[in-house]
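Here is how the chains run, residue by residue.
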Amino acid sequence: ACEGECGFGQASLYGDGQYWDRWGVYAGGTWKGYSPQTLSDGYHYLKCYQAYDVDINERHWPRVAGQAIEQSGWQPSDVEWAFVTQSRPAPILHLCRHFGWDRRVAYMTADRFGYFGSGCIPVALDDAVSNNVLRDGQRLLILTSGIGYGCAAITLVWGKGGPAC
């Protein structure tokens, strides 16, 4: 069992809709709908029309993560593990430098499993659990971002059997 409280802490969110048309799945919903034309045009598949600015996560992750950490009453040095969207190593390493973390604080899996989009976080958590990396009472930061552009961070204290003990 955990010493003290464990479970989910604080969250911070950021969204910037100006990137809505860069890439996504455009069939369905009210914009393109499902029709023979949208299907033949391939709008039911992921489409990339323009890449994000290469530094978009580097610009937003530190602020969003910092807000969640601060709202939890933690210092950046209190974070023992960071589980971060694994799109590219550069923004993850930038985050570590920003908070003064050793790069090993960021639990990396893309080098072994590849990039899974929104699945990066559960893949990394499952790998950490399978390898007995996580211990009760450890303070974790989860940080992710996605198309549109949005990003979110949440803090949690790990407990036996998962984040809620």
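**Section: the packing of helix H2 (residues 56-71) against helix H3 (residues 89-99)**
Consideration 1: It is at 9 Å that the axes of H2 and H3 come closest, and there the two elements cross at 45°. The orientation of H2 with respect to H3, classified from their angle, is oblique. Seen from above, H2 lies across H3 with right-handed handedness. For the pair H2 and H3, contact is made by Asn-57, Glu-58, Trp-61, Pro-62, Ala-65, Gly-66 and Ile-69 and by Ala-90, Pro-91, Ile-92, His-94, Leu-95, His-98 and Phe-99, respectively.
Consideration 2: For the contact of H2 with H3, the per-class residue count stands at 9 nonpolar, 4 polar and 1 charged.

**Details of the sheet that holds strand S6 (residues 150-157)**
Paired through their backbone hydrogen bonds, the strands of a sheet run either parallel or antiparallel.
Consideration 1: In spatial order, the strands read S1-S6-S5-S4; together these 4 strands make up an open sheet with mixed pairing. Of all the strands in the sheet, the pair left with one neighbour each is strand S1 (7-15) and strand S4 (81-84). Strand-to-strand, the axes of this sheet are offset by a mean angle of 15°, without reference to chain direction.

**What about the environment of Gly-9?**
Consideration 1: Within the secondary structure, Gly-9 sits in strand S1.
Consideration 2: The class of Gly-9 is partly exposed, set by a relative accessible area of 40%.
Consideration 3: For the pair Gly-9 and Leu-156, spaced 147 residues apart in sequence, the C-alpha separation works out to 4.9 Å.
Consideration 4: When neighbours within four sequence positions are excluded, Gly-9 is seen to be in contact with Thr-155 and Leu-156.

**Re a nonpolar patch on the surface**
Consideration 1: On the surface, a cluster of nonpolar side chains totalling about 270 Å² of accessible area is made up of Val-25, Leu-46 and Ile-147.
Consideration 2: Along the polypeptide, Ile-147 turns up in the loop between strand S5 (139-146) and S6.
Consideration 3: For Ile-147, a relative accessible area of 41% puts it in the partly exposed group.

**Some points on the pairing of S6**
Consideration 1: As paired strands, S1 and S6 are joined by 7 bridges and run antiparallel to one another. Pairing of Gly-15 across the sheet is with Gly-150, part of S6.
Consideration 2: Taking the residues that link successive antiparallel strands as the turn, the S5-S6 hairpin has 3 residues, and the phi of Gly-148 there is positive, at about 125°.

**Quick look at the nonpolar core**
Generally speaking, nonpolar side chains in soluble globular proteins are found buried as a group.
Consideration 1: If you look at the biggest cluster of nonpolar residues, it comprises 26 residues, and the most contacted ones within it are Trp-61, Leu-95, Trp-101 and Leu-143.
Consideration 2: If you tally residues by element for this core, the top one is H2, at 6 residues.
Consideration 3: Dropping the residues within four chain positions of it, Trp-101 is found in contact with Ile-69, Pro-76, Ser-77, Val-79, Ala-82, Leu-95, Cys-96 and Leu-141.
Consideration 4: Counting 12 residues, the second-largest nonpolar core is a separate cluster that includes Tyr-107, Ala-128, Leu-134 and Leu-156.

Calculation notes
Residues numbered from 1 in each chain as written. Predicted model: local features only at pLDDT ≥ 70, side-chain atom pairs only at ≥ 80, totals over all residues. Heavy atoms only, no water. Axes fitted to C-alpha atoms, helices over the stretch in contact; angles between N-to-C directions. Helix = DSSP H or I, 4+ residues; strand = E, 2+ residues; numbered from the N terminus. Parallel < 35°, antiparallel > 145°, perpendicular 65-115°, else oblique. Left-handed = near helix turned anticlockwise from the far one by under 90°. Contact = heavy atoms within 4.5 Å. Nonpolar A, V, L, I, M, F, W, Y, C, P; charged D, E, K, R; others polar. Pairing = 2+ DSSP bridges. Buried < 20%, exposed > 50% of the residue type's maximum accessible area, 1.4 Å probe, protein only. Patch = residues over 30% accessible without salt bridge, like charges linked within 9 Å, V, L, I, M, F, W, Y side chains within 5 Å. Areas by Shrake-Rupley, 256 points an atom, 1.4 Å probe, with all protein chains shown as cover. Salt bridge = Lys/Arg side-chain N within 4 Å of Asp/Glu carboxyl O. Core = buried A, V, L, I, M, F, W, Y, C linked by side-chain atoms within 4.5 Å.

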